[in-house]
Amino acid sequence: MSTLLLILKEITHREYNFVLSLLAVVTAVAVYVAFFTSAQDSQRETTRLMRDIGYNLRIIPKETDMIKFWETGFSDYTMPEDYVLRFAEKTQDEIQYRHLLATLQQKVTWQGMEVLLTGIAAKEVVPKGVVESSMIPFAVEPGKVYLGYELVQKTGVKNGDMVDLFGKPFQVASCLPETGSDDDIRIYGHLKDIQSILNLDGRINEIQALECLCKEPGDPLDRLRSQLEQVLPEGKVIQLKAISDARREQRFMLERFFARLLPLVLVGCAIWIGALAFLNVRERRFEIGVLRALGYGSFRIAALFLGKAIIIGLIGAAIGFFLGTAFAMSFGPQVFKVTAKSIRPIYSLLTWSLLVAPTFTALSSFIPAVVAVTEDPAVTLREE
Amino acid sequence: MVLLENVSKTFRVGRNEVRAIHNINLHVRQGEFLVVRGPSGSGKSTLLLTIGGMMRPTTGRVTVNNQEISAMNELERAQFRAKNIGFVFQMFHLIPYLNVLENVLLASGFERNAESSERARELLKNLGLSHREFHKPAELSAGEKQRTAIARALMNRPSILLADEPTGNLDPENAEEVIRHLHEFQREGGTVIVVTHGHSADQYANQIVFLRGGEIVENPSST
Ligand SMILES: Nc1ncnc2c1ncn2[C@@H]1O[C@H](COP(=O)(O)OP(=O)(O)OP(=O)(O)O)[C@@H](O)[C@H]1O
Ligand SMILES: [Mg+2]
């Protein structure tokens, strides 16, 4: 009790030393807590995304020239529309997916511009037993079109205007916002309408199977490919890189960055605390000498310094935990691209902080404390 | 009582050896007043710290109150000091973050029981510091600081008081008062060993020793 009182009185007397040491602990703990709070959630979220989204697949006609495909973004060849139904019927037991979308697209010249004309099936084919959720942002009705951003800019049409598409009138259902992709030069229409415009009745050139999953374990893409080989020998499967992949990649990069940063923060704070403890010892040399003269043993003198370090560790851990958690809650969703809902305080980290931080500060102050008790009183009490 | 037999203390600084005190033989009986004099660097502080058990002599034997402290380990010497010895320094060495009363209580292990509080207050009263109990050292005059340090040294009712130039930073009046308090302690049966350059303590001295180059010289006037 008396040692504690001495420590507290010293702390309030030399508040700068205390506040600066505290700052180091708060920084270290906050960085760790913020990272683990966000990153654990981020990992959980990543697995959730992987589980839920699975693979986005594009099925295109087998004879497609892939060089041209990647250049233009669509296949020159077509396949019968009812392949979608075949796929839906035959694959249900082996492959799960959320959405199955039949599309027909081609590049055409419209009003002097090169545009992508895309017909999509009015409805997604949603397999039985799957909760319906809309992947495509709109359902296209016959006789209506959606115009990409650039096309709207060039033509100046508005919602509800009538436009002419290769001799047929269509109503503009919506002018789409800017996407920064080739969707900006796209005209979406009902699959049937586009088929008739392009004289390709009953034909499509791509099936998109979104959020595919294999029921069996193993490499899902390989299994999907071999399954499709049997169901749709006329098709070729390619993987559509999902947005979630990019996000996951970004998260992994961030985690790698933090993984390198964390030890540096730790070492930096250890040096910081050690240096401050050392300065504190230097400043209190005569005090150590006096305590010796008054009959205080080395253990009790060391306890003054280590006790102070432990107090700094405990207070720093508590503040650091709440700061780090608050940081993770407010910035984690942006930094780690996870939903805010998934970030919750991890209270076990508080327990850990309260255990680890005082140990850490005590170790950082250990050498200065040893210096303090082993210093020759003839030096510490030297009258200058 | 204090008995030094062939006591030497040599410091090692890098490769050099500094002989701080050499072959000291000294006997101070209980209740005596000893004045130690000598030029700077002659080993006065080293002598005092050795008697107080703050450092062990390199050779020789130090016996205080019939206990050979030169043979004790660190912890034993600390405990011995707490019970038997009071220190007073030139620079006062008060703890800046404790008030006057707390500085005095520090000597009793900072235990704040009624008995030690009463003892501390009584000492402060005798030293004319009752009105300063709750002041921090920074708010005190030099004389008040040194009197606080004396109260702290007397707190545990030591039998020996070791004072290293206690008047070195005081004006003559305050110096006089400090010496008077040392004498007071002696009159009550305590042993006083004081290092001082002034002569105001001479009137109370049973013994005056003169140090030069770490050795006691019998006739200080002869070089
Ligand atoms: N811890 C130490 N390490 C090395 N040398 C020391 C140490 N303490 C004292 N000395 C040396 O021992 C000698 C005696 O020092 P001491 O402090 O005892 O002298 P002093 O008589 O008290 O001097 P002053 O009047 O200046 O206080 C000096 O030469 C000093 O430099
Ligand atoms: Mg000296």
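Residues numbered from 1 in each chain as written. Chains lettered and ligands numbered in written order. Predicted model: local features only at pLDDT ≥ 70, side-chain atom pairs only at ≥ 80, totals over all residues. Heavy atoms only, no water.

How would you explain the packing of aromatic side chains if you had to name every residue and give the values?
Residues and elements named next belong to chain A. Tallied over the full model, the rule gives seven aromatic pairs over all chains. Between Phe321 and Tyr347 the ring centres are 6.0 Å apart and the planes differ by 45°, which places this aromatic pair in the tilted class. Taken together, the positions of Phe321 in helix α10 (residues 298-336) and Tyr347 in helix α11 (residues 347-364) put the pair 26 residues apart, joining distant regions of the chain. Classification of Phe321 by relative accessible area gives buried; the value is 1%. Residue Tyr347 is classed as exposed on the basis of its relative accessible area of 53%. (Phe/Tyr/Trp six-rings, centres within 6.5 Å; stacked < 30°, edge-to-face > 60°. Helix = DSSP H or I, 4+ residues; strand = E, 2+ residues; numbered from the N terminus. Buried < 20%, exposed > 50% of the residue type's maximum accessible area, 1.4 Å probe, protein only.)

I'd like a rundown of the pattern of salt bridges, residues and numbers included.
All chains considered together, the criterion is met by 24 salt bridges over all chains. Between Glu144 of chain B and Arg132 of chain B there is a salt bridge; the shortest N-O distance is 2.9 Å. Note that Glu144 of chain B is positioned in helix α5 (residues 142-154) and Arg132 of chain B in the loop between α4 (114-126) and α5, a separation of twelve residues in sequence. Overlapping salt bridges bring together Glu10, Arg14, Glu283, Arg284, Glu287 and Lys308 of chain A as one network. (Salt bridge = Lys/Arg side-chain N within 4 Å of Asp/Glu carboxyl O.)

Go over the packing of α5 of chain B against helix α6 (residues 172-187) of chain B with me, naming the residues and quoting the values.
Residues and elements named next belong to chain B. For the pair α5 and α6, interaxial distance at closest approach is 10 Å and the crossing angle is 15°. The angle between α5 and α6 falls in the class roughly parallel. Every pair of crossing elements has a handedness; the one defined by α5 and α6 is right-handed. Across the interface between the two elements, Gly143, Gln146, Arg147, Ile150 and Leu154 from α5 touch Asn174, Glu177, Val178, His181 and Phe185 from α6. Of the residues belonging to the contact of α5 with α6, the class tally is four nonpolar, four polar and two charged. (Axes fitted to C-alpha atoms, helices over the stretch in contact; angles between N-to-C directions. Parallel < 35°, antiparallel > 145°, perpendicular 65-115°, else oblique. Left-handed = near helix turned anticlockwise from the far one by under 90°. Contact = heavy atoms within 4.5 Å. Nonpolar A, V, L, I, M, F, W, Y, C, P; charged D, E, K, R; others polar.)

How would you explain the sheet that holds strand β6 (residues 85-89) of chain B if you had to name every residue and give the values?
Residue and element names in this part refer to chain B. With mixed pairing, the six strands of this open sheet are ordered in space as β6-β7-β8-β3-β9-β10. Unpaired on one side and paired on the other, β6 and β10 (215-217) mark the two borders of the sheet. In this sheet, adjacent strand axes meet at a mean angle of 25° when their direction is disregarded. As defined by bridge partners, strand β3 (residues 33-37) adjoins strand β9 (residues 207-212) across four bridges and the pair is classed as parallel. Bridge assignment links Leu34 to a residue of β9, and that residue is Gln207. (Pairing = 2+ DSSP bridges.)

Give me the interface of chain B and chain A: which residues, what numbers.
Taken together, the contacts link 29 residues of chain B with 27 residues of chain A. Summed over both partners, the interface of chain B with chain A comes to about 2,400 Å²; 64% of that surface belongs to carbon and sulfur atoms. For chain B, the biggest contributors to the area lost against chain A are Met54, His93 and Tyr97 of chain B; these three give 28% of the whole. Note that Glu74 of chain B and Arg292 of chain A form a salt bridge whose closest N and O atoms lie 2.4 Å from each other. (Buried area = accessible area lost by both parts, 1.4 Å probe.)

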